Amino acid sequence: MERIFFGQIIHSTSFDSLELLTDGFVAVKNGKITAIGAKSEYESLPEKESYEKVELTESQFLLPGFIDCHIHAPQVPNIGLGLDKDLLGWLSTYTFPLEAEYKDVEFAQQVYSTVVRDTIASGTTCACYFATIYNDSNKVLADEIIRQGQRAFVGKVSSNRCCPDYYIETGTDASVQDNIDFIEYLLSKNIDRVKPIITPRFAISCDMELMKKLAELAVRYNLNVQSHISESLGEVESVKEFYPHCKNYSNVYDEAKLMTNRCVLAHGVHLEDEELEIFATRGTSVAHCPTSNTNLGSGMCDVKRLHAAKVKVGLGTDVSGGNRIAIYDVMRAALDVSHHLNVMKKQDVKGTGKVVPTSKYNELYVPLNYKQVIYLATLGGAEALSIADKVGNFMPGKEFDALLIDTSVYPINRYKLPAALMQNKSPKEMLLEQLQKFVYVGNDQNIVNVFVAGQKVK
Ligand code: GUN
Ligand code: FE
């Protein structure tokens, strides 16, 4: 399939640089971007006649697809429930009983087909999924993702202790064997877009022996790793009790050799400066999950501090600790949290009380802005999952994972500026205002098409 899009195009090239093409083109061949530029440069494109042409309207623009670095597919039926509890209370009251239901493959089929459809509809072209401990239903999730055309990592959850009897692996060797079974099942499909990922649930529910064996599997099969870290203070305390010889939470995963440059850890709300250095040295990344952190009262993760410490960061919905399935909602929550942190830090400076832990990364604090959350939702996510060579923006050679956004559609079109205020704006200013409207008030209705590797999936 060869297609060329003409019109407004936006993509991030780094945390602080957003490239805007007001009258541009992007050419796609066999799922990959072959060229991008100003429309005037299109004339020199080789074999340009062979492409099908798509003209965007003035109210439309292309954005790279959203990357959800952390979502629990089986928890979707629980969205909105139990969020008056803290992390460990919510896990035992709501999460484990629901995940245990995925012994039932028919139930899994019903939920997973909806989850994949709904995440695609809200613009998630790539998702990093936690599944459950049950492989029959894990395979259903992987098959659904392949069928619907999403890009994904799929993790068979590993948990061999501190879980209820009805939802726990039967032993370390059984866990390793189940991991191998799932990995080989998915690798044998030979679908480059959909890969297994090593998934120890967290340091409380896995012992060191299991985590070390899982790290070996990651090496043997050349796989990414995901887990949770430093989400709530209660969890951090428990981890210290379980691993008294480790200096901090990060040291636990580091001792297991899980902290690689292909490891993404959700939350990282309460990491100490020393731990950030371990992340930066190892190339391990954080999936920032602000909706979940607020819902469960876990804390406010400071993305600007992580960025200053050279830690890679992407965004995660963390459904159903998070109550929203869409990354655009998480972008807004990331802006909220960052502004709240900024206000607290400024109040602190004024001497009204020590409300934020001090850190050498706190100086000259400026909150995240709307351009930076676009980066976190796209290229930042790709870097966090170590797939920035393949996706994340529209650089030639990458695969075309993209969203066609339309601001003339409800809800963005509900309140229009008078024509007099639209005069004297440059095309770039107008495009940036369309982007702001999408970031702050848009929803899935404004995402009219979704492409993964050049294939239209919505
Ligand atoms: N820590 C361990 N398991 C979970 C989970 O399912 N969700 C969240 N948010 N944190 C966890
Ligand atoms: Fe999670």
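Predicted model only: the values in this text are computed from it and were never measured.

1. So, the pairing of strand β5 (residues 60-64)
Part 1: By the criterion of burial, β5 is predominantly enclosed, with five of the five residues buried.
Part 2: The side-chain alternation of β5 yields two buried faces, one formed by Q60, L62 and P64 and the other by F61 and L63.
Part 3: With five bridges joining them, β5 and strand β15 (residues 402-406) adopt antiparallel strand pairing. Considered in β15, the bridge of Q60 is made with D406.

2. Section: the pairing of strand β10 (residues 194-200)
Part 1: Of all seven residues in β10, six are buried; the element is thus mostly enclosed.
Part 2: The pairing of strand β8 (residues 151-155) with β10 spans three bridges and is parallel. Pairing of A152 across the sheet is with V194, part of β10.
Part 3: Of the pairings in the sheet, the one linking strand β9 (residues 157-158) to β10 comprises two bridges and is parallel in character.

3. Overview of the site of ligand 1
Part 1: Around ligand 1 sit H72, Q75, L87, W90, L91, R201, F202, H228, E231, H267 and D318, and that is every residue in its neighbourhood.
Part 2: Contact distances for ligand 1 include 2.9 Å between an oxygen atom and a side-chain N or O atom of Q75.
Part 3: A total of 270 Å² of accessible area belongs to ligand 1 in isolation, and the protein chains cover 100% of it.
Part 4: It is helix α1 (residues 87-100) that contributes the most residues to the shell around ligand 1, three residues altogether.
Part 5: Residues of the shell around ligand 1, tallied by class, amount to four nonpolar, four polar and three charged.

4. What about the nonpolar core?
Part 1: Core analysis: the biggest nonpolar cluster contains 116 residues, and L63, F66, Y129, M211, Y253, M331 and L435 have the highest contact counts within it.
Part 2: Membership of the second largest hydrophobic core comes to 15 residues, among which are F153, A382, L385 and I387.

5. Concerning the coordination of the iron ion (ligand 2)
Part 1: Only H70 (NE2), H72 (NE2), H228 (NE2) and D318 (OD) from the protein reach the iron ion (ligand 2) as donors, at distances of 2.1 to 2.2 Å.
Part 2: Around the iron ion (ligand 2) sit four donor atoms, and with donor-metal-donor angles ranging over 91 to 168 degrees the site reads as irregular.
Part 3: Mapping the donors of the iron ion (ligand 2) onto the primary sequence yields the spacing H-x1-H-x155-H-x89-D. Taken together, the residues span a long stretch of sequence, with H72 in strand β6 (residues 66-72) and H228 in strand β11 (residues 224-229) at a distance of 156 residues.

Parameters and conventions
- Residues numbered from 1 in each chain as written.
- Chains lettered and ligands numbered in written order.
- Predicted model: local features only at pLDDT ≥ 70, side-chain atom pairs only at ≥ 80, totals over all residues.
- Heavy atoms only, no water.
- Buried < 20%, exposed > 50% of the residue type's maximum accessible area, 1.4 Å probe, protein only.
- Helix = DSSP H or I, 4+ residues; strand = E, 2+ residues; numbered from the N terminus.
- Pairing = 2+ DSSP bridges.
- Near = heavy atom within 4 Å.
- Polar contact = N/O pair within 3.5 Å; in protein donor to acceptor, adjacent residues only side chain to side chain.
- Areas by Shrake-Rupley, 256 points an atom, 1.4 Å probe, with all protein chains shown as cover.
- Nonpolar A, V, L, I, M, F, W, Y, C, P; charged D, E, K, R; others polar.
- Core = buried A, V, L, I, M, F, W, Y, C linked by side-chain atoms within 4.5 Å.
- Donors = N, O, S within 2.8 Å, 3.2 Å for Na, K, Ca; no water.
- Tetrahedral: all angles 85-135°; square planar, octahedral: opposite > 155°, others 65-115°.

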